[in-house]
Amino acid sequence: MKFFGGVVATAVATGFATWLIPGISVVGGTSAIISIVAFALVLSLINASIKPILQLLGAPISILTLGLFYLIINAVLFGFAANITVALFGTGIYVNSAFSAFLGSIVVSIVSGIVNGIMGDDD
């Protein structure tokens, strides 16, 4: 149940990012909510499966950059999730540039953390 709470928090955060950042927009589908939820589901799955491996492999670089490399990993996975969602489902979000992906990943991280804190733990 905790995973689905994370997907909901990511969906809320993605909706906020599409509203706030001009380089991120909703594409495809008949409903923006479906597009955002599809992206949030794919991003949550990528964060649960691929992100820990990339963080482990990038640990030496992150140590040298005092953790800033993790922001790059987040931005790359954000853009990757956007591309995968549109390719698989024909709906999702469109990220205009790498800088938009960078800003979007920061906004989604902050807002989803706040929403997760408000929703509380299921444990």
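Further up the page is the structure itself.
Residues numbered from 1 in each chain as written. Predicted model: local features only at pLDDT ≥ 70, side-chain atom pairs only at ≥ 80, totals over all residues. Heavy atoms only, no water.

## Considering the packing of aromatic side chains
- One pass over the full model with this rule turns up three aromatic pairs.
- Note on F16 and W19: the rings are 5.5 Å apart at their centroids and 45 degrees apart in plane angle, and the pair reads as tilted. A residue pair is termed a helical-turn pair when its members lie 3 or 4 positions apart in one helix, as F16 and W19 do in helix α1 (residues 2-20) at three residues.
- For W19, a relative accessible area of 65% puts it in the exposed group.
- Note on F39 and F78: the rings are 5.2 Å apart at their centroids and 75 degrees apart in plane angle, and the pair reads as edge-to-face. Here F78 lies in helix α5 (residues 69-89) and F39 lies in helix α2 (residues 32-49), a separation of 39 residues in the sequence.
- On the basis of relative accessibility, which here comes to 2%, the residue F78 falls in the buried class. (Phe/Tyr/Trp six-rings, centres within 6.5 Å; stacked < 30°, edge-to-face > 60°. Helix = DSSP H or I, 4+ residues; strand = E, 2+ residues; numbered from the N terminus. Buried < 20%, exposed > 50% of the residue type's maximum accessible area, 1.4 Å probe, protein only.)

## A closer look at α1
- For α1, spanning 19 residues, the distance from its first C-alpha to its last is 27 Å, which sits close to the expected 27 Å at 1.5 Å a residue.
- Turning to α1, its buried residues number three or more, namely G5, G6, V7, A9, T10, A11, A13, T14, A17 and T18.
- Buried residues along α1 sit in contact with β1 (24-27), α2, β2 (92-95) and α6 (98-119). (Expected span 1.5 Å × (residues − 1). Contact = heavy atoms within 4.5 Å.)

## Looking at α2
- The end-to-end C-alpha distance of α2, which contains 18 residues, comes to 26 Å, matching closely the 26 Å that a straight helix rising 1.5 Å per residue would cover.
- S35, I36, A38, F39, A40, V42, L43, S44 and I46 are the residues of α2 that are buried.
- On its buried side, α2 packs onto α1, β1, α3 (51-57), α5, β2 and α6.
- Put simply, S31 is the residue that caps the front of α2, since its side-chain oxygen is 3.3 Å from the backbone nitrogen of I33. (Polar contact = N/O pair within 3.5 Å; in protein donor to acceptor, adjacent residues only side chain to side chain.)

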